[in-house]
Amino acid sequence: MNQKRGEAYHHQGFSTTGYILPMLRGLAGLEVDGLRGAVTLNPRFPANWETVELANVAVGSRRYDFTITRSEGAYSVAVTPAGASAGTEPVEVTFSPGLEPGIRAEAAMLNGNPVSGFSVAVRPSVTAVMRGGDLLTIRHGRGPAILPSDPPVDPGGVNTGIKIVSLREERSDMKTLRLTVEGLAGRAYDLDLMRSEQIASVNGGTLENGKLRIAFDGKGKSGFVRKEVTLRLKQ
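So, how was this worked out
Position numbers for residues count from 1 along each chain, tracking the sequence in the order it is written. Owing to the predicted nature of the model, reporting of local features is limited to residues with pLDDT of at least 70; listing and counting of side-chain atom pairs is limited to 80 or more, with chain, interface and lining totals taken over all residues. Working from all heavy atoms in the structure, the side-chain values ignore hydrogens and water. Helical segments are the DSSP runs of H or I of at least four residues, strand segments are the runs of E of at least two, and each set is numbered from the N terminus. Here the term buried applies to any residue with accessible area under 20% of the maximum for its type, exposed to any over 50%, and partly exposed to those in between, with areas from a 1.4 Å probe on protein chains only. Contacts were defined at the residue level, with two residues in contact if any of their heavy atoms lie within 4.5 Å. Here a strand pair is declared whenever DSSP counts at least two bridges between the two strands. Between rings of Phe, Tyr and Trp, where Trp is taken as its six-membered ring, a pair exists when centres lie within 6.5 Å; planes separated by under 30 degrees are stacked, by over 60 edge-to-face, and by other angles tilted. Polar contacts, as used here, are pairs of N or O atoms within 3.5 Å; protein pairs need one atom able to donate a hydrogen and one able to accept it. Residues neighboring in sequence count only if both atoms are side-chain atoms. Definition used for salt bridges: Asp or Glu carboxyl oxygen within 4 Å of a side-chain nitrogen of Lys or Arg.

A. The overall build of the protein chain, seen in detail. Across its full length, the protein chain carries one helix and 18 strands. A buried classification covers 35% of the 235 residues belonging to the protein chain. Intrachain contacts of the protein chain at a sequence separation of at least 6 include 60% that bridge at least 24 residues.

B. Summary view of the sheet that holds strand β14 (residues 188–194). Taken in spatial order, the four strands line up as β11-β14-β17-β16 in an open sheet, and their pairing is antiparallel. Whereas interior strands pair on both sides, the edge strands pair on one side only; in this sheet they are β11 (145–146) and β16 (206–208). Across three bridges, β16 lies against strand β17 (residues 211–215) in antiparallel orientation. Paired with T206 across the strands is R213, a residue of β17.

C. View of the packing of aromatic side chains. A full pass over the atoms with the stated rule returns four aromatic pairs. With a centroid separation of 6.0 Å and an interplanar angle of 80°, the aromatic rings of Y75 and F95 are classed as edge-to-face. Here the residue Y75 occupies a position in strand β5 (residues 74–82), and F95 occupies one in strand β6 (residues 91–95), the gap between them amounting to 20 residues. On the numbers, 5.7 Å between centres and 80° between planes, the contact of Y189 with F216 is edge-to-face. Here Y189 is found in strand β14, whereas its partner F216 is found in the loop between β17 and β18 (224–233), with 27 residues between them in sequence. With relative accessibility at 5%, the residue F216 sits in the buried group.

D. Inspection of the side chain of R62 at higher detail. For R62, the location among the structural elements is in strand β4 (residues 62–71). Only 2.7 Å separates the side chain of R62 from the side chain of Y64, close enough to count as a polar contact. Reaching out from R62, the side chain makes a polar contact with the backbone oxygen of P90 at a distance of 3.3 Å.

E. Region of the structure containing the sheet that holds β5. The strand order across the open sheet built from six strands is β3-β4-β5-β10-β7-β8, with neighbouring strands paired in antiparallel fashion. The open sheet has two free edges, formed respectively by β3 (51–59) and β8 (113–114), since each of these has just one partner strand. Looking at chain direction, β3 and β4 are connected through seven bridges and run antiparallel. In the sheet register, L54 faces β4, and the bridge partner there is F66.

F. Quick peek at the pattern of salt bridges. The final tally for this structure, using the stated rule, is 13 salt bridges. Residues R142 and E72 are paired through a salt bridge, measuring 2.3 Å at the closest nitrogen-oxygen approach. Taken together, the residues span a long stretch of sequence, with R142 in the loop between β10 (135–140) and β11 and E72 in the loop between β4 and β5 at a distance of 70 residues. Its relative accessible area of 40% is what places R142 among the partly exposed residues. Three or more residues are tied together by salt bridges with common partners; here these are R168, E170, R178 and E228.

G. Looking closely at the pairing of strand β9 (residues 126–130). The alternating pattern of β9 places V126, A128 and M130 on a buried face, while none of T127 and V129, on the opposite face, is buried. Here β6 runs beside β9; their pairing, made up of five bridges, is antiparallel. Bridged to V93 within β9 is A128.

H. A look at the pairing of β14. Alternating residues of β14 divide into Y189, L191 and L193, all buried, and A188, D190, D192 and M194, none buried. With five bridges joining them, β14 and β17 adopt antiparallel strand pairing. Following the sheet pairing, A188 is matched in β17 by A215.

See below:
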C-alpha cells in the first residue's frame, strides 16, 4: 500500500476506517453493545481460514480477546479477558457463523456441554454468557466449499480474474447448489475446492484434480460474461 494511487491518499487518517470496518463488521461480523455487555459475532470467513483473533475488543468498560477457529466439522469462539479487565467478569456472546450452502448445523456446545434451546438451522445462532477460558462451538456437517480466487495483481493493473457473484442452495432440492460467476469471454479459470469429493456432478464446469474448472464462451462476446454452474452433492 506504500504507493500513491490516483483515486485516494492512503495516509489520510479520516479514511482509515475504510479498511478496518469491512473487516470487523463484514468478515468478522462484530457488533458490540456496551450498555448490555454483549457482543455479536457473525463471521463470514473463507472456508480455509482456520483461526482469526480479535484482540482488545472494548465492551463497555471491559476488554476481551476473541479467537474464532474453524475445523472440518466445527466453528468455535473462545473468549479471554484482556488488559485491566482480566478477571471473571462475564460477557454475553451471540455466535452466528455463516456456513457454506449445503452444510447444516448439528449442535451447539459450551465447553463441551450441549446448549439447550439450540435450533438446527441453515443460519445457526447461539447465545451464551461466557467467561475467560470458555469455548462456544457450533458443530456442523461436511460439505464442499468454494474458495475465492486470489490472482496476482500488479499495481495499476486491470482485473482479469473470475468473480464469484453468488452461491446459493436450491430451495426445492438441498443437494443442488447454483454458482453464478463472471469471467472474461474466451478464458477458463480454476477455483480451489475443499472437500471436492462431496460433489457428485457438475453442469457448466468440470472437476479436475480437486479444482472446479469453468470455461467462458468467447464466440461473439467480449469483456466479462456471466455463467451459472450447477453442482450436485452426494447423498
